[in-house]
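Structural characterization, general
These are the residues of each chain, in order.
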Amino acid sequence: MFAIVRIRGEVHTSPTVKKTMELLGLNRISHMVLKPKTAQMQSMLKNVESFAAFGEINAATLALVLEKRGRLVGDKRLDAAFLKKHGAKSFEDLANQLLAGQTSLSKTGIKKVFRLNSPRKGFERGGIKKAFSNGGVTGYRANAINDLIKRMA
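Residues numbered from 1 in each chain as written. Predicted model: local features only at pLDDT ≥ 70, side-chain atom pairs only at ≥ 80, totals over all residues. Heavy atoms only, no water.

So, on to the packing of aromatic side chains. In this structure the tally under the stated criterion is 2 aromatic pairs. Considering the side-chain rings of phenylalanine 54 and tyrosine 140, the 5.8 Å spacing of their centres and the 50° angle between planes classify their relative orientation as tilted. You can see phenylalanine 54 sitting in strand β3 (residues 52-56) and its partner tyrosine 140 sitting in strand β7 (residues 139-140), a full 86 residues away along the chain. Judged by its relative accessible area of 6%, phenylalanine 54 is buried. Ring pairs connect the aromatic residues Phe2, Phe54 and Tyr140, which therefore count as one cluster. (Phe/Tyr/Trp six-rings, centres within 6.5 Å; stacked < 30°, edge-to-face > 60°. Helix = DSSP H or I, 4+ residues; strand = E, 2+ residues; numbered from the N terminus. Buried < 20%, exposed > 50% of the residue type's maximum accessible area, 1.4 Å probe, protein only.)

If you want it as structure tokens, here you go:
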């Protein structure tokens, strides 16, 4: 499962990038969405790789995001009653179920967009206009996306 975080705004972007961001559900900077690994998703990510950071999220990071930033309709936080209702013992258990595909965010009623803060201690030295492979932030980060999300949660 991919975690996609919007890094840059939409000033001076092409209509293709704007539409792809809209389809991904990334309307603001520092918003994160979870999407499955499919061929269609990878082509969409290729369109927005200079405006977003993405990579494979692990269960520990997903559990942290669900606990701190997960919201239900009505902007209610996730709590023990919600976990019990959906048959999960902890946030880690719910994260494992989501990653394994046993349940989904829409089935559980969790909002699809996670609103994160800007990262503690800032972005990498290269800044937001360079790719991760060149010392920046944007683009494919593989497992390094977990470090960025932990600093933003």
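Let us look at the environment of glutamine 97. Checked against the element boundaries, glutamine 97 lands in helix α5 (residues 91-100). In this structure glutamine 97 comes out as buried when scored by relative accessible area, which is 15%. In the structure, glutamine 97 is positioned 26 residues away from arginine 71 in sequence and 17 Å away in space, judged by C-alpha atoms. Ignoring sequence-local partners within four residues, the contact set of glutamine 97 consists of His86, Gly87, Ala88, Gln102 and Thr103. (Contact = heavy atoms within 4.5 Å.)

When a protein is soluble and globular, its nonpolar side chains tend to lie buried together. Ranked by size, the top nonpolar core spans 29 residues in total, and within it Met32, Leu66 and Ile110 carry the most contacts. Contributions of two or more residues to this core are made by β1 (2-6), β2 (31-35), α3 (59-69), α4 (80-85), α5 and α7 (145-152). In contact with methionine 32, other than residues within four places in its own chain, are Ala3, Ile4, Val5, Leu26, Val65, Lys112, Val113, Phe114, Leu116 and Ile149. Core analysis: the next-biggest nonpolar cluster, separate from the first, contains 14 residues, Ile4, Leu24, Met41 and Ala52 among them. (Core = buried A, V, L, I, M, F, W, Y, C linked by side-chain atoms within 4.5 Å.)

The next point concerns the pattern of salt bridges. Evaluation of the coordinates by the stated rule reveals 7 salt bridges. Note that lysine 19 is salt-bridged to glutamate 22, the shortest N-O span being 3.7 Å. One end of the pair, lysine 19, and the other, glutamate 22, are both in helix α1 (residues 15-24), 3 residues apart, so they sit about a helical turn from each other. For lysine 19, a relative accessible area of 44% gives the class partly exposed. Measuring nitrogen to oxygen at the nearest pair gives 3.0 Å for the salt bridge that ties aspartate 75 to arginine 115. Linking aspartate 75 in the loop between β4 (71-72) and β5 (76-77) with arginine 115 in strand β6 (residues 113-115), this pair joins segments that are 40 residues apart in sequence. (Salt bridge = Lys/Arg side-chain N within 4 Å of Asp/Glu carboxyl O.)

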